[in-house]
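# Descriptive analysis of the structure
In case you want the letters, here they are:
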Amino acid sequence: MMMQRPLPPEEYSLKETSPHLGGVIAKGDKLTSTYDLVEQMQYLYVRVVKARDLPAMDVTGSCDPYVEVKLGNYKGTTPHFEKKTDPEWNQVFAFSKDRIQASVIEVTVKDKDIVKDDFIGRVSFDLTEVPKRVPPDSPLAPQWYRLEDKKGDKAKGELMLAIWMGTQADEAFPESWHSDAVAVPSEGLASIRSKVYLSPKLWYVRVNIIEAQDLLVSDKGRYPEVLVKAVLGNQALRTRVSPSRNLNPMWNEDLLFVAAEPFEEHLVLSVEDRVGPNKDEVLGKVAIPLQNVERRLDHKAVNTKWYNLERHVAVVEGDQKKKETTTTKFSSRIHLRICLDGGYHVLDESTHYSSDLRPTAKQLWKSSIGVLEVGILTAQGLLPMKTKDGKGTTDAYCVAKYGQKWIRTRTIIDCFSPKWNEQYTWEVFDPCTVVTVGVFDNCHLQGGDKATKDSRIGKVRIRLSTLETDRVYTHSYPLLVLHPSGVKKMGEVQLAVRFTCSSLLNMLYIYSQPLLPKMHYLHPLSVTQLDNLRHQATQIVSMRLARAEPPLRKEVVEYMLDVDSHMWSMRKSKANFFRIMGVLGGLIAVGRWFDQVRKWKNPLTTVLIHVLFIILVLYPELILPTVFLYLFLIGIWYFRWRPRQPPHMDTRLSHADTVHPDELDEEFDTFPTTRPLDIVRMRYDRLRSVAGRIQTVVGDLATQGERLQSLLSWRDPRATALFLTFCLIAAIVLYVTPFHVVALVAGIYALRHPKFRHKLPSAPLNFFRRLPARTDSML
C-alpha cells in the first residue's frame, strides 16, 4: 500500500484569521451585536403563505395549485394541492444575495397538469423596493396581493406573501428552501437543513436481586441451579447461580443498566434453572415499567418489593406443540430493590473529552457559570469525498456537541469552500469541559440507500478552560483523519469561539470541587462497569438521534463521541510512551544539571549553589518559602510564552505522520481480527484487549504528569493564576511561621484519625484533576 507523502508541519498547524464578524474585523476584543461571531450573509426571503379564490382550471371545476418562485436562474416550487382553490403552503424561500443576477422576482401560481402545467396568475416585485429586516425586529406581516395575468392585467385569485431582505440571523433561515439546493429532490431537502438536537436524558437503573420464593421446577429429583436474567432494551445481564440450591434461592446481587427518558422499554426479569450446558429453563418472568420505579439522589436504600412471577406455558394439542403460549399466574415471586440512580453522571463520551459532568437529577445541578458561543464560519480546501456525474464533489455540513445540545448546520451543496456562518450558544456549568465540532459529507441528498454512511472529514476539540474569558478566538483548524494509508489533511475549518463568564468567583470556586458528582466517589462504579455502561449509553444516544428528522446518523454520533477510543493501537501506545518521556524529560534535565554542578562545569553556578545550600541548612525555615517563591517566579517568567491559541489536533504528538504501514494495517484491522487460524485469532485478540488497557493506564500516567506541567504553563490561565496566588501567599505565610510549627501541623494533619477524614477528594486534588493535559491534542 502506497503511503502518501507527508505534508510540511505548518500544514497541520493552527492558523489565526481575521474574518469580518458581524461587520467588524475580529481582533480578539469582545463584540456585542447580534450574530457577532459570524460574517453576515444577506438573503432575499419570500414567504408564500396561502391563496384564495383561485379560478377553476380543470373540467371538474377545480384546480391543483402550486407556487413557483423565480429569481433569475433560480427557481423554487411549493408542493401542489389536489383540487383545492384555497390552498395553504406557509413555505419560505431564501435566495443568497451573492448569487442574485436579476432585478425582478416573480411569484407564479400554476395548476399541476399531466401534460403541461397551466398558468393561473403571478405577482412581481422590484428588488430595489424590498424592505430590510434586522432581528430582533418583529417578522414582516404577510399581505394579500391580487394575481396578474401575463399581460399585467388583474386576474382572478389572491396570494398572501411576505418578501424581505435579511441575514442568516432571521428566524426563517433554518427551515427555508435555499436556492443552492435546487438540484436536491424534495425527499432529500430535510437532510440539508440546519437543526438543533437534544440527546436523551440518561439514567442508571440499579436492580438489586435479593431472593425468590416457591419456585416450581420440572425435575423434582435434582437440586435446581437458579439464576436471574435481566433484559432492558438490547442490554442483558445475568446473576451468578444461587449458592442455595433449593426452591427459595438467594442472590443479593446488583445489576446496572442505562435507560433514557422517555422510558420506552420494560425491564424484564426471568428466573431460570440451568438444566444443562447452555440450556436454561424459564421458571417465571416479570416485566416492570420504569415509569413507576423510584428515583433517588443519593445512596439511601429504597424500599424492597415482592413481584409475582408469571409463567409461560406452551399449549400442547395432540403430538404437536403450538408456538402460542399462555401466561399463568402462580405462587412464585421474586424480591427486588429497583431504583433510578440520579446522583451519578451517565458517561456517554470519552472521559478525556467530556462536555458535561452534571448528575442526572436536575435537583443536584449547580447554577451555570457562563456562556459558550461558537460561530461556524467556513471551510477551505476540502477534498472530493464522492463522485457524481464523473466529477468529484463534497456536500459538507458541521455537527457540534456540547452537553446535551447537538447542532447540525445546513449542508452546502457541491462546494469545496463552503460558507455556513451559523452561530450557536450553550450554557456552561463547568469550564473543564470540551466542545467538539465535526465536519461530514452528506451522502443522503438523493434520498438514497439508508445503509450509505456519511463520510467523516475531520473534527476539532476545544477545552473551555484553555480559553480566556470574553476573548474572541478566530482560527482555521486543520481537519485531520487517519486512514489505512496514513494521516490525511482533509481541509480546514474556520471557527470563531467565545467563552463568556457570568461569575468569576463561581468559576474559581468550581476548581476546588470534584470533577464528577459525589456519588462517583462515595459509591464508585468499577472500571469494567463504567466501560460497559458507556458503551450502552452511546448506543442509546446514537439510536435516539438517528430517529430525529433529519436524522443525526449513527456513524456521525459515534465519531463525535469517540466510541472506539479504547481500541488497541501501536501508534497510540508509542505516542503515550513518548508523552511520559516528555514529562520525565524535565526531571532528567534537572538531574543532568545537578551532575554538572557537582562536576564544576560552571564554577560560578556551583559556588552559588554551595552558598544557597549552606544558608538553607543554617536557616531551614527558609526552605519552603524559597521553593514556593521560586515556583512563583518561574510561573511569572513563563507568562511571556503562554499559549495564545486553543489546542488542536497534533500529528507529531499522535505519531500519525511517522507511523509504519504495518502498524496502520493493525490499527485498521477488524476486531476480532480476520486472521484465518482460530488459535491465532484468540491470542491476537487477547493481546490487543490487554494492550488496550495498558495503553489507557500509560495515557493516564502521562495525563497526571502533563497536569503538573500545566500548573505554570498558563495553558489554563485561571488555574495558573490561582496556583501562583497560592504560591505567593504560601511563601509569605511560611516565611512568618516557624518551620517546626509547620512541620508539626502537617504531620498531625497527615496522621489524623479516619473519623476526621472526608470521603470526597480534597480541594487541592480536585483542582489538580481539573488541570488540562495534552489529551485534547491527541488525534
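About the cut-offs
- Residues numbered from 1 in each chain as written.
- Predicted model: local features only at pLDDT ≥ 70, side-chain atom pairs only at ≥ 80, totals over all residues.
- Heavy atoms only, no water.
- Helix = DSSP H or I, 4+ residues; strand = E, 2+ residues; numbered from the N terminus.
- Buried < 20%, exposed > 50% of the residue type's maximum accessible area, 1.4 Å probe, protein only.
- Contact = heavy atoms within 4.5 Å.
- Areas by Shrake-Rupley, 256 points an atom, 1.4 Å probe, with all protein chains shown as cover.
- Phe/Tyr/Trp six-rings, centres within 6.5 Å; stacked < 30°, edge-to-face > 60°.
- Lys NZ or Arg CZ within 6 Å of the ring centre and 35° of its normal.
- 1 Å grid on protein atoms, 1.4 Å probe; cavity = no way out; pocket = protein on both sides within 12 Å on 5 of 7 lines; lining within 4 Å.
- Points joined across faces, edges and corners; volume = space filled by probe spheres on them.
- Nonpolar A, V, L, I, M, F, W, Y, C, P; charged D, E, K, R; others polar.
- Pairing = 2+ DSSP bridges.
- Expected span 1.5 Å × (residues − 1).
- Arc of directions from axis to C-beta.
- Core = buried A, V, L, I, M, F, W, Y, C linked by side-chain atoms within 4.5 Å.
- Axes fitted to C-alpha atoms, helices over the stretch in contact; angles between N-to-C directions.
- UniProt positions renumbered as here; feature names shortened; annotations may be inferred.

Time to look at the overall build of the chain. Looking only at helices and strands, the chain has 13 helices and 32 strands in total. Counting every position in the chain, which comprises 779 residues, the buried fraction comes to 47%. Across the chain, every contact between residues at least 6 apart in sequence was considered, and the portion connecting residues at least 24 apart equals 72%. A total accessible area of about 40,100 Å² is found for the chain, and carbon and sulfur atoms account for 57% of it.

Given two aromatic rings, their pairing is described by the distance between the two centres and the angle made by the two planes. Per the stated rule, a full pass over the model turns up 15 aromatic pairs. Note on tyrosine 45 and tryptophan 164: the rings are 5.3 Å apart at their centroids and 20° apart in plane angle, and the pair reads as stacked. Pair noted here: tyrosine 45 is in strand 4 (residues 42-52) and tryptophan 164 is in strand 11 (residues 154-167), with a separation of 119 residues, a long-range link. Assigned by exposure class, tyrosine 45 and tryptophan 164 land together as buried. Taking NZ or CZ as reference, lysine 112 lies 5.7 Å from the ring centre of tyrosine 66, over its face. Stacked on the ring of phenylalanine 429, the Lys or Arg arginine 358 has its end atom at 4.0 Å from the ring centre.

Moving on, we get to empty space enclosed by the protein. This structure, assessed with the given rule, holds three cavities of 30 Å³ or more. Taken as a whole, the largest cavity encloses approximately 220 Å³ of empty space. Contributing to the lining of the largest cavity are 18 residues, with Leu202, His345, Val346, Asp356 and Gln404 lying nearest its centre. Class assignment for the residues of the lining of the largest cavity results in six nonpolar, six polar and six charged.

Direction of pairing for strand 10 (residues 143-148) relative to strand 11: antiparallel, over a ladder of five bridges. Residue tyrosine 145 lies in a different strand from strand 11, and its bridge partner there is leucine 159. As consecutive antiparallel partners, strand 10 and strand 11 are separated by five residues, and within that stretch glycine 152 has a phi angle of approximately 100°, a positive value.

Spanning 16 residues, helix 8 (residues 623-638) covers 23 Å between terminal C-alpha atoms, matching the ideal 22 Å at 1.5 Å per step. Here helix 8 has its buried residues at Pro625, Phe628, Phe632 and Gly635. One side of helix 8 carries all its buried residues, which in axial view fall inside an arc of 95°. Those residues of helix 8 that are exposed and angled more than 90 degrees off the buried face are Tyr630 and Trp637.

One finds Leu372, Trp406, Trp420 and Leu495 to be the most contacted residues of the largest nonpolar core, which totals 80 residues. The element contributing the most residues to this core is helix 11 (residues 717-736), with seven residues. Leave out the neighbours within four places in its chain, and leucine 372 touches Tyr402, Tyr424, Thr425, Trp426, Val428, Val435, Leu464, Val497 and Arg498. Counting 31 residues, the second largest nonpolar core, distinct from the first, contains Leu44, Val48, Leu71 and Leu147.

Overall, antiparallel pairing links the five strands, which are arranged 13-27-26-29-30 in an open sheet. Whereas interior strands pair on both sides, the edge strands pair on one side only; in this sheet they are strand 13 (195-198) and strand 30 (455-463). Pairwise comparison of adjacent strand axes, ignoring direction, gives a mean angle of 20° for this sheet. In this sheet, strand 30 lies alongside strand 29 (residues 434-441) in antiparallel orientation, the contact comprising eight bridges. Across the sheet, threonine 436 pairs through a bridge with arginine 461, a residue of strand 30.

In the sheet, strand 18 (residues 266-276) pairs with strand 19 (residues 279-289) via ten bridges, with the strands oriented antiparallel. Looking across to strand 19, one finds that serine 270 is bridged to lysine 285.

Inspection of the secondary structure puts serine 332 in strand 22 (residues 320-341). With near-sequence residues (within four places) excluded, serine 332 lies in contact with Gln213, Asp214, Leu215, Leu216, Asn308 and Leu309.

This next bit is on the UniProt feature "transmembrane region" (unreviewed entry) in the chain. UniProt's feature table lists "transmembrane region" (unreviewed entry) at residues 577-594, 606-639 and 721-751, given in the numbering used throughout. Across residues 577-594 one finds 100% helix and 0% strand; the C-alpha atoms that close the span lie 25 Å apart.

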